[in-house]
Each structure stands twice: as C-alpha cells, then as structure tokens.
Amino acid sequence: MSYVEVRNISKVFQTQQENLPALENISFTMEQHGFYCLIGHSGCGKSTLLRIIDGLTEPTTGEVLISAKVTNRPGFDRGMVFQHFNLLPWRAVLGNVEFGLENRRMSKRERRERAMHYIHMVGLDGFEHYYPSQLSGGMQQRVGLARALAIEPEILLMDEPFGSLDAQTRETMQTELMRIWSIEKRTVLFVTHDIEEAIFLSDRVIVMGQRPGRIVDIIDVDFPRPRDENLRNLAGFTEMRGRVWKTLKCAASEAKASAAKR
Amino acid sequence: MDPVTRKDTWISQSRKNRIAKWGLRVASFLVFLAVWQWYGAKPEMFAVAPPSQVFPAFYEAMLSGELPKAAAGTLYTMAVGYLLAVVVGIVVGFGIAVSVWARNTIEPIVNAAYSAPMALLIPILGVYIGLEFQGRLFLVMVWAVFVIIVNTAAGVRETPPSLMEMAQSFGLNPWSIYRKVIFPSALPYILVGLRLGAGRALRGAVTAEILMSTTNLGKFLIDAGSTFNMPKLLAGIMLVILLGLVIIQGAEYLEQRILSWRRV
Amino acid sequence: MSGFKTAQQRGVTRLEKDSQIIQGEKLRLRDQKWFQRLLVWGLLVAVWEILGVILGPFFLPRISQVFLSMFAAFTNGDLTTLASSLRQMFLGFGLAAVVGIPIGLIMGRSRWAEYVLGIYVNALFVTSLEALLPFIIILVGTDFYFRVVVVFLFAIFYIIINTAAGVRAIDPNLFETAAAFCTPRLKLFIKIILPAALPYVIAGLRLGLGHAVKGMVIAELWVVVDTGRRLVDLGFARKLPEYFALALWIVLFGALANQILLSFQKRLTPWGSEIAGFTGSRKK
Ligand SMILES: Nc1ncnc2c1ncn2[C@@H]1O[C@H](COP(=O)(O)OP(=O)(O)OP(=O)(O)O)[C@@H](O)[C@H]1O
Ligand SMILES: [Mg+2]
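Note that the structure is a prediction, hence the values are computed from the model and not measured.

Student: Residues and numbers for the coordination of the magnesium ion (ligand 2), please.
Tutor: All names here are of chain A. Within the protein, Ser 47 (OG) and Gln 83 (OE1) serve as the donor atoms for the magnesium ion (ligand 2), at 1.9 to 2.2 Å. Taken together, the residues span a long stretch of sequence, with Ser 47 in helix α1 (residues 46–54) and Gln 83 in the loop between β6 (78–81) and α2 (93–99) at a distance of 36 residues. By relative accessible area, Ser 47 is classed as partly exposed at 23%. Residue Gln 83 is classed as partly exposed on the basis of its relative accessible area, which comes to 24%.

Student: Can you tell me about the interface of chain B and chain A, naming the residues and giving the values?
Tutor: The interface of chain B with chain A comprises 16 residues on the first partner and 25 residues on the second. Summing both sides of the interface, chain B and chain A together bury roughly 1,900 Å²; the carbon and sulfur share of this comes to 66%. If you sort the residues of chain B by the area they bury against chain A, B:Phe170, B:Lys180 and B:Trp261 come out on top, with a joint share of 36%. Applying the counting rule to chain B against chain A returns two salt bridges. Among the ionic pairs, A:Glu102 bridges to B:Lys180, the shortest N-O distance being 2.7 Å. At the surface where chain B touches chain A, the tally comes to five residue pairs in polar contact (both at pLDDT 80 or more).

Student: If you had to explain the side chain of A:Glu197 to someone new, which residues and values would you point to?
Tutor: Residue and element names in this part refer to chain A. Structurally, the position occupied by Glu 197 is in helix α6 (residues 195–201). Classification of Glu 197 as buried rests on a relative accessible area of 3%. Those residues in contact with Glu 197, other than ones at most four positions away along the chain, are Phe 162, Arg 170, Gln 174, Phe 190 and Thr 192.

Student: How would you explain the nonpolar core if you had to name every residue and give the values?
Tutor: Counting 239 residues, the largest nonpolar core has A:Phe28, A:Leu189, A:Phe190, C:Met89 and C:Phe93 as the members making the most contacts within it. If sequence neighbours within four positions are ignored, A:Phe190 has contacts with A:Phe35, A:Tyr36, A:Cys37, A:Leu38, A:Met158, A:Pro161, A:Phe162, A:Leu177, A:Glu197 and A:Leu201.

Student: Lay out the pairing of strand β4 (residues 61–66) of chain A in plain terms, naming residues and giving numbers.
Tutor: Residues and elements named next belong to chain A. Relative to β4, strand β1 (residues 4–14) runs antiparallel, the two sharing five bridges. The partner of Val 6 across the bridge, within β4, is Val 64. Examined bridge by bridge, β4 and strand β5 (residues 69–71) share three bridges and lie antiparallel to one another. Note that in β5 the partner of Val 64 across the bridge is Thr 71. Between the end of β4 and the start of β5, which pair antiparallel, lie two residues, with Ser 67 showing a positive phi angle near 50 degrees.

Student: If you had to explain the interface of chain C and chain B to someone new, which residues and values would you point to?
Tutor: Across the contact, 65 residues belong to chain C and 63 residues belong to chain B. For the chain C and chain B pair, buried surface summed over both sides reaches about 5,500 Å², with 69% attributable to carbon and sulfur atoms. For chain C, the biggest contributors to the area lost against chain B are C:Tyr115, C:Phe135 and C:Ile138; these three give 11% of the whole. Mapped by element, the contributors of at least two residues to the side of chain C that touches chain B are α1 (2–22), α2 (33–55), α5 (111–126), α6 (133–140), α9 (185–223), α10 (226–236) and α11 (240–268) of chain C. Residue composition of the side of chain C that touches chain B, grouped by class: 44 nonpolar, ten polar and eleven charged.

Analysis parameters
- Here the residue numbers are simple positions, counted from 1 along each chain's written sequence.
- Following the order in which they are written, the chains are lettered starting with A and the ligands numbered starting with 1.
- Thresholds applied to this predicted model are a pLDDT of at least 70 for local features of residues and 80 or more for the giving and counting of side-chain atom pairs; totals over whole chains, interfaces and linings are not thresholded and use all residues.
- Remark: hydrogens and water are excluded; side-chain values derive from all non-hydrogen atoms of the structure.
- Only N, O and S atoms count as donors, using a 2.8 Å cut-off from the metal and 3.2 Å for Na, K and Ca, and because water is excluded some sites may appear unfinished.
- Where helices and strands are cited, they refer to DSSP runs of H or I of at least four residues and of E of at least two residues respectively, numbered from the N terminus.
- Relative accessible area decides the class of each residue, using a 1.4 Å probe on protein chains only: under 20% of the type maximum gives buried, over 50% gives exposed, and in between gives partly exposed.
- Any two residues whose heavy atoms approach within 4.5 Å at even a single point are treated as in contact.
- For any pair of parts, buried area is found by adding up, for both, the accessible area (1.4 Å probe) each one loses once the two are put together.
- Definition used for salt bridges: Asp or Glu carboxyl oxygen within 4 Å of a side-chain nitrogen of Lys or Arg.
- Counted as a polar contact is a pair of N or O atoms within 3.5 Å, where, for protein atoms, one must be capable of donating a hydrogen and the other of accepting one, and residues adjacent in sequence contribute only when both atoms are in side chains.
- Residues enter a nonpolar core if they are buried and are Ala, Val, Leu, Ile, Met, Phe, Trp, Tyr or Cys, with the set joined through side-chain atoms within 4.5 Å.
- When DSSP finds two or more bridges between a pair of strands, those strands are recorded as paired.
- Any residue that is not Ala, Val, Leu, Ile, Met, Phe, Trp, Tyr, Cys, Pro, Asp, Glu, Lys or Arg is counted as polar, Gly included; the first ten are nonpolar and the last four charged.

So this is what it looks like as structure tokens:
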C-alpha cells in the first residue's frame, strides 16, 4: 500500500460559456519520503491537482488516499507552498512564517524558535521584520517555503516554489531543498516547468499533458543520492531530459490537434 | 554627475517645493484674512463681521465657557451616536458581505438609504423617538451608519480568495479565518468608513441641533444669528469648521498608525 | 476535535459554493436573486402593512395607504410643490457645476492652484455646512437665493474634488503626446483634459446631485417653504401617509436624476468604466 494514492481524479470547471475539463482520470501513487516532480505545460492543471490533494478543492470524481484513508479537507499532515505566495501583506516575515503554527498547541516561544529556524534555513536571516511588500519576488517565495516547512508536514506540496528565482539562487535553493529533505524526510510533490530541475530533484517525474490535463508519462529517476551539480553533465541526465522534452512536445501537439478537430 | 550630489539636488528640490507649498498656503491664508478684514470692516457690510471682531468674540466665548460647554454637549451626542453607528455598521457590513441572501435583499435597501436625504426624518422623528437627546442620537446614527456599512461590506468582499484558501490550507477554522485574514484585509476599508462616518456624525449632530431641538452648538449659532451678533455667529461657525478638521485629521492620523504596514 | 473539523469542512464548501455561483452554474430557486428579493421584500411589506393595521394611521400608516397617497400626490398639489423645489435645486446645482468643474480642472492641472485653494476646498468639504445656515440666512435672506446658495454649497465641493481627481488620474503620456503635436493650451483643456476626466466629472456631478437634494431638503425644512413647509405641516398634523408618500417621491426623484446622469456617463464616455467617485476615501 502506497503512502499517498491519487485515484481516478477528474475535475470539471463550470464556467459561463462551457464545462471546462481541467483534469481527466489522474492516478498515481507516492511512497513515503519520496520526491516527486509534476511537470507540464502552463494551464494543464498542475495547480488544480495540488489543490485537490491539499483538500482545497473537491474533485469531480475520484479520491485521494493518504495512509489508505480518504482525505478531502486540509490537514496538518500536508503543507502547501503556493504558486503566488499568498503572504499576508499586513504581517512581517516572522508573522507570516508563524501563521501556520498558530493553530497548533505550542508555546509562543517554541513557535518563535521554530519560525526563526526555518527563516534561517531559507536564508532570510535579518529580514524577520520586513513586510512582504519590501521583499523581492524570490524572497517572498522563500517566506512561503519557510511557512510550509515550519508546520513540519509529512507531505510537502510545492507549486513552482522556485518559479521566480534567478538561475543562481534557484540552484542554491535546489541544493538547499535536497539538504533539508535528506535531513527531515518528507514526501514531496513538486510542481515545475523546468525539466532539469525536475530530473535533478526527484525520484520520479510525472509528466502531464493538457486539455484535459492527464498523465502522459511517469519516469523513474534513479541517479544515486546525494546528487550534485556534476549530475547535469552525465550522459544519462541529458538523455532523460530529451525524453521528457519529447513527451511534453508530443502531448502539446496532440492537444493542438484535438483542439483543431473540435 | 555622481549619484550622491544628484540625490542631494533632488532632496533640495523637494524641500524647495515644500517651502513653496507652505509659503503659498500661508500667504493665501493671510490674503484671505486681509480681504475678509477689508470687506467686513466696510460699514455697509453688516453681515460679514471682520476677523478683528470674530477672533476676540471667539476668545471671549471660549474663556467664558459658553462655547466649550456647547461644543462638549454636541460632541457627546456625536460620540454616543457614532459608537452606535460603528457597532451596527460593522456588523451589518459584514453580514451583507458574507451572506448571499443579505447581499441580494438588504444591500439595495442600504444603498438607497445611503443616498437618500436623511433630513426627511426630522419632521416625523417626534412621533417615534422624540426630539430630545434620543432623537438627536438616532439622527447622528443614521447620518453615519450607512457609509460605515458600505465600506465594511466592500472591504470584506475585497479579501483575496487566495488568502482565504491559504488559511484553509494551514488548517484555520472559519472563526480564525475571519479574525486573521478577512478582518485585517478589510481593515483599510473599514477605517475609511469609520473616518467618513466620524465626519458625518458631526454633521448629523449639528444638523439635529439646528433643525430639530435647539441646544448646544446649534443653539449657540441660532441665538447668535437671531440677535444678529455676527462676530459670535462667525466664531461659532469657526469652531464647527475646526472641530470637523480636527476629527478628520485625527482619524486620518489614527488610520495611518493602525495601517503602518501599508506605508512601507 | 471532530466538531472543529466539521466546521472547517463547512468553511471549504462555503467558499466552493460561492465560486460556483460566480461561475454561473444553474442555481436552485432559493439561490435566485429575484426569488430572495420577492420573499424578503414581500415579507417586509407584509409586516409593515400588518403593523400599520395594528398601530393605526397616527403611528404607522399602512404601506398600501402610502402608495395610494403617492398617486394622490399627482392631484393634490404636492408634486407641483416638489417640482418648484426641484427647479430651484437644479439652479443651485447647475451653478455649482458651472463654477465647480473649471475650478476642479484648474486645481487638478496646476500644483499652485492646488496649494492655494486646496485647504479651503478640503476644509469646507469636511465641514458641517448645516452650521452655515444661520449665517447664510442673514447674508442673503430667506427667499429664493437662500435655497440656491445652500444647494450650491452642498454640491460644489464634491464636483471640484472629483474633477480634480480625474485630471490627476490622466495618463501623463497623453500630455506628452499632446505636446508632441504642439497642441495649444486651450485646446489641451478642451480636447484632452476634459474628455479624459469626464468619467470623474460625471461621478462628481452624481455625488453632488445627491447632496444637492439633501441640501434642498435641509434648507426648505429650515426656512419652512415649499416642499419643506409641506413636510413640516404634514408631520405636525400627523398626516403620515401623505408624509411618507412625499418623502418617497423626493427619494425617487433623486434616484431618477442619478440614473439619468449615469446613462449620460455611459453614452458620453463609452470607453470608461463606471467610476464610483471620491467621497473622501484616499486613493493610494
Ligand atoms: N476556479 C476555476 N474556475 C474555472 N477554471 C479554472 C479554475 N481554476 C483553474 N481553472 C482552469 O483549469 C486549468 C488548469 O489550471 P491550473 O491553474 O491548474 O494550471 P497550471 O498547470 O497550474 O498552470 P501554470 O503552470 O500556468 O500555473 C486552466 O485552464 C484554468 O483556466
Ligand atoms: Mg499553477
């Protein structure tokens, strides 16, 4: 029995004009402490899938099982890093990171220490009392990351958490995330557009096609860990990148063809 | 040019601007006073008392306690009515924003009342509430409450759904979502409503005292007017204008203090 | 703990439901706007009617009587009186527009004008103009001019402030474009500034009109003439159905005039969206 099981999820959005099928028949499983990447074109339903797993949206059909139990509401076992950060503008960094902890039974001091720990971990020391509007996009994203990490969830759902970082910071954060993940074992579902990032980080890459969003390929990545920058130069890495790229491209042209037919 | 000096010139530019701004303001005020004095001192201009008479009259009325006592009475009515309006306004505002039923049915009524002339109540208020303190209180309340309702509802409605979703994701119950997300997010709007409401409450109080039951500042003004004591009348009006300015400025100051996160 | 979770669950479904309503899913009857209005407003009318029967016409007129009196107002002279009041109101309001719009345009365009005039406009904008009544009455008497002046004062500051805000909101690129084509000063005002600020100007006119009606009521109640006199008399004699009817007519005329201005705005400025107008809230 897998730790997380996503079973036949479909989601149809009802809009004024039409019924928009966003996800169709999505099924996959995640083992405990695994690192999974979700990759796909913009608008293929990655965020929607993550929100369903987090319990923020109900799927039209299908269900999500965690430890063999059906879940349909948010819980402390899952932490979400939002694509658009969703920071509270009236709270400084510290307050935002503490936000998720305020519903847990813990003393004020403990909460503060925990928040400071994760602020340090994402490299924002010294910015505790800055408001989100005073931070760059990448820094805001890291606040969102610290907020999710701070509740120490079993499962981390990360929606393009490095999307607005520059290449250098992005690599540092990737290495940093690998380090955090190897110390505090979590099950991670990580959404990205970046093929290299997906392969570099994950045990398994789930490739999604669009219109409607569906899984087109699942690729196991079994490069040994710990991985470092040299991995990117290996022949196997390049080959895998090519494979993912081709799958994505095929899915895109298929979608185009089916759209043309309609 | 190196950046430091450039910055310097920029600063001195803006300082020059500030000096010009305040210089102009003060100068225009002095000109205004001078014209008023010249105009009011003309013997045929009976209705406009010149500042040389108004300011002493103001000083005297303040010193004798007549004006402070009148103002205190007005402010007391205003404050109590305003507090009522705040409580009712925020509760109803939240209700309208949260409940689809209330939005569809009560909000049109609120909007109609917001733009209707509330003074229409004055001739019949005696039938229901009486013309004395309670009546004035009621008038202050209806003068102030609708702007608070409308702004509160707008603020609650403007709360980004993404933030509420985030709060749900972190396991907040609905009550905490209200307290930690919706309320702070709506607060800037609510405070605007409260500030405008404070100004309107003062207007309501003065109107009630002039049109309904002649007391306090209203009585002061009407007495001065009916005895054609122009310096005293203008002194009273001056105080009303000052009170309005102080209330609005104070509310604005508080608003900025409370919303300090927005200034950064 | 389980109670907490169900509450939380309820929160989720509520947000979901809201978003589905926005998405225009087919609504159940009890979620339809007209149904809710029919039910609640119908209930209010019914309660009013019943209360009216219980309390009697000296305390609360039945709503059916009020409606009948609204029709009677066509023949008993009430609407004629109201029309003459409104005529004076529109005179004061028109004057406020004629004076206020140019002042607003200049204040929005020139920083110096703003420095000089800004404090007075803002001070009077927040002042209880009602306090000026005993002064105005000595200044201009109780006749015609009194009401015109009061209405003028009630309306003009909304017009000035919104017009100025509209001019300040103009995209600076427009001025650059105009400068690039060597547009002379007067043409700049007529061809660029006025149309660009027009949605705000009309928003100011709408707010000003609402306050003009308020000013009209207050002025007439105070000097007891025309509609104000009629209201005072009716209130004194406790002819409440007639009173409510006349008050409703005033509110309706105010709303109607507002709607007319709104449709003007839609016709004159089809490119602009509806502007709520500046009532004192600061734009950041
Ligand atoms: N609340 C909603 N109502 C209607 N349609 C929606 C809603 N949310 C998402 N969609 C639609 O579902 C599809 C998938 O959206 P989603 O945000 O999941 O994409 P994504 O894969 O995360 O894209 P990106 O990589 O750009 O973030 C899109 O076509 C979007 O228009
Ligand atoms: Mg997304």
